[in-house]
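So the chains spell out like this:
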Amino acid sequence: MEIKTVGVVGAGTMGHGIAQVFAAHGFDVRLADTSDAAVGRGLAGIESSLERLLAKEKITAADKTSTLGRIGATTDLATLAGAELVVEAVTENLVVKTELLQTLDRVCGPETILASNTSSISLTRLAAATGRPDRVIGMHFMNPVPLMELVEIIRALQTAEETYRRIHDLALRLGKTPVSVRDSPGFVSNRVLMPMINEAIFALHEGLATAEDIDTVMKLGMHHPMGPLALADLIGLDTCLSILEVLQDGFGDPKYRPCPLLRQMVDAGYLGRKTGRGFYRYD
């Protein structure tokens, strides 16, 4: 069955970015969230992203119009029943994702592939919660989705080879570079990235240097395009904490213990760019 219509659940930063990329490549997209306000923010984010691409002459005005025209908004998951693929991009929490996938399993057609944008949670556990474990797979996009080339494709233990091939080929159609990753806590990207971010937070916590200077060391000394603390703000400090907890729980290794400062920041509601304050302040 050819994939023509794609549902995206979760209209936040990752979700609306995923919806934008699918729509820009000719797919009909249904963007879903729990409220009209949340969906509205997601649509506004897509329009803003397209405006930036238009200003940089990466797309034309006609491209912007056609992309927006392919995206429909909904708060009713039942409207995703006819989609050949549904991608969930909700908060990085096992219970939340499991309950959502179980709902999608009930409302979607039996051939629909359910993909998770999880950045650390076991796909095998998520797949086992559904009645179609062979058609559950991970599509871990990078942020910002319209600009970043990589997609980690994670196979649950139960994922069928046909499901994998279809999603691999789909990623290529989106102009992405798919990398096949075995199901393991944090996969490859966050198993490598999060300990580095966490260590940068420890360095700040211990007073080794300011946030600006820690980031400067990594940008100028290691040629990173963005420092680890600024990157944590972009990802979301709550998401960073959730991923580190998954790594610590999954491996039972104290090297993944989240820095106490990170927990304090999350407790204070300083989650990074999305709240206007993290390790830096944002307008």
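In this text the structure is predicted, and so the values were computed from the model without any measurement.

As for the pairing of strand E5 (residues 113–116)
A regular strand places its side chains on the two faces of the sheet in alternate fashion. Side chains Ile 113 and Ala 115 of E5 all project onto a buried face; the interleaved residues Leu 114 and Ser 116 project onto the opposite face, where all are buried too. A crossover connection joins strand E4 (residues 85–88) to the parallel E5 through helix H4 (residues 94–107); in handedness this β-α-β unit is right-handed. Pairing of E5 with strand E6 (residues 136–141), which is carried by three bridges, proceeds in the parallel orientation. Within the sheet, the bridge partner assigned to Ala 115 lies in E6 and is Ile 137. What joins E5 to E6 is helix H5 (residues 123–128), and the crossover it makes is right-handed.

Quick notes on the pattern of salt bridges
Within the structure shown, the criterion is met by nine salt bridges. Here Arg 135 makes a salt bridge to Asp 134, at a shortest N to O gap of 3.0 Å. Given the relative accessible area of 18%, Arg 135 is considered buried. The exposure class of Asp 134 is partly exposed, given its relative accessible area of 28%. Each of Glu 47, Glu 51 and Lys 64 takes part in salt bridges that share partners, so that together they form one network.

Looking at the side chain of Ser 116
With respect to the helices and strands, the residue Ser 116 is situated in strand E5. Within the structure, Ser 116 has its side chain in polar contact with the backbone nitrogen of Thr 118 (distance 3.0 Å). In this view, Ser 116 contacts Glu 88, Lys 97, Leu 123, Leu 126, Ile 137, Gly 138, Met 139 and His 140; residues no more than four positions away in its chain are not counted.

Looking at the UniProt feature "binding site: NAD(+)" (unreviewed entry) in the protein
UniProt records the feature "binding site: NAD(+)" (unreviewed entry) at Gly 10, Ala 11, Gly 12, Thr 13, Met 14, Gly 15, Asp 33, Glu 92, Lys 97, Ser 119, Asn 143 and Lys 274, using the numbering of this structure. If you trace the backbone, Asp 33 turns up in the loop between strand E2 (28–32) and helix H2 (36–55). Among residues more than four places away in sequence, those in contact with Asp 33 are Gly 10, Ala 11, Gly 12, Ala 38, Val 39, Thr 74 and Thr 75. At a separation of 2.8 Å, a polar atom in the side chain of Asp 33 contacts the main-chain amide nitrogen of Ala 11. Along the chain, Asn 143 turns up in the loop between E6 and strand E7 (150–155). If near-sequence neighbours (up to four positions away) are discounted, Asn 143 is found in contact with Thr 13, Met 14, Met 148 and Leu 234.

Re the pairing of E7
Two elements, E6 and E7, share five bridges in a ladder whose sense is antiparallel. Note on E7: the bridge partner recorded for Phe 141 is Val 151. One ladder, built from six bridges, connects E7 with strand E8 (residues 177–182); its direction is parallel. Bridge pairing in E8 links Leu 150 to Thr 177. For the crossover that starts at E7, traverses helix H6 (residues 161–173) and ends in the parallel E8, the hand is right-handed.

Here's the deal with the side chain of Thr 74
Position of Thr 74 relative to the elements: it lies in strand E3 (residues 71–74). On the basis of relative accessible area, Thr 74 is assigned to the buried category, the value being 13%. Among the polar contacts listed, one links the side chain of Thr 74 to the backbone nitrogen of Asp 76, at a separation of 3.0 Å. Polar contacts involving the side chain of Thr 74 include one to the side chain of Thr 79, which spans 3.1 Å.

Quick notes on the environment of Met 194
Tracing the backbone shows Met 194 in helix H7 (residues 189–205). Under the relative-accessibility criterion, Met 194 is labelled buried at 0%. Expressed as a C-alpha distance, the spacing of Met 194 and Cys 240, which sit 46 residues apart in the sequence, is 7.0 Å. Ignoring sequence-local partners within four residues, the contact set of Met 194 consists of Ile 235, Cys 240, Ile 243, Leu 244 and Leu 247.

Details of the packing of H7 against helix H11 (residues 260–268)
A pair of packed helices can be characterised by two numbers: the angle between their axes and the separation between those axes. Two numbers describe how H7 lies on H11: the axes approach to 8 Å, and their chain directions differ by 90°. In this view, H7 runs roughly perpendicular relative to H11, as classed from their interaxial angle. The residues of H11 that touch H7, namely those facing Asn 198, Ile 201, Phe 202, Leu 204 and His 205, are Pro 260, Leu 261 and Leu 262. Here the residues of the contact of H7 with H11 are counted per class, giving six nonpolar, two polar and no charged.

About the cut-offs
Throughout this document, residue positions are counted from 1 along each chain, in the order its sequence is written. Local features are withheld for residues below a pLDDT of 70 in this predicted model, meaning they are given only at 70 or higher, and side-chain atom pairs are given and counted only at 80 or more; totals for whole chains, interfaces and linings count all residues. Note that the side-chain values use all heavy atoms of the structure and ignore hydrogens as well as water. Buried residues are those whose accessible area, probed at 1.4 Å on protein chains only, stays under 20% of the maximum for their type, while exposed residues exceed 50% and partly exposed ones sit between those limits. Put simply, DSSP H or I for four residues or longer makes a helix, DSSP E for two residues or longer makes a strand, and each gets a number counted from the N terminus. Looking down the strands as they point away from you, a crossover is right-handed if its path from the first strand over the helix to the second goes clockwise. Strands are treated as partners if at least two bridges between them are detected by DSSP. The salt bridge criterion pairs a side-chain nitrogen of Lys or Arg with a carboxyl oxygen of Asp or Glu, the two atoms within 4 Å. Polar contacts here mean pairs of N or O atoms no more than 3.5 Å apart (in protein, one a potential hydrogen donor and the other a potential acceptor; neighbouring residues in sequence count only if both atoms are side-chain atoms). Residue contacts are defined here by distance: any two heavy atoms, one from each residue, within 4.5 Å place the two residues in contact. UniProt positions are given in the numbering used here, feature names are shortened, and annotations may be inferred rather than shown by experiment. Axis angles are defined between N-to-C directions and span 0 to 180 degrees, where every axis is a line fitted to C-alpha atoms and, for a helix, only to the segment in contact. By the definition adopted for this analysis, an angle is roughly parallel if under 35 degrees, roughly antiparallel if over 145, roughly perpendicular if from 65 to 115, and oblique otherwise. Three residue categories are used. Nonpolar comprises Ala, Val, Leu, Ile, Met, Phe, Trp, Tyr, Cys and Pro, charged comprises Asp, Glu, Lys and Arg, and polar comprises the others, including Gly.

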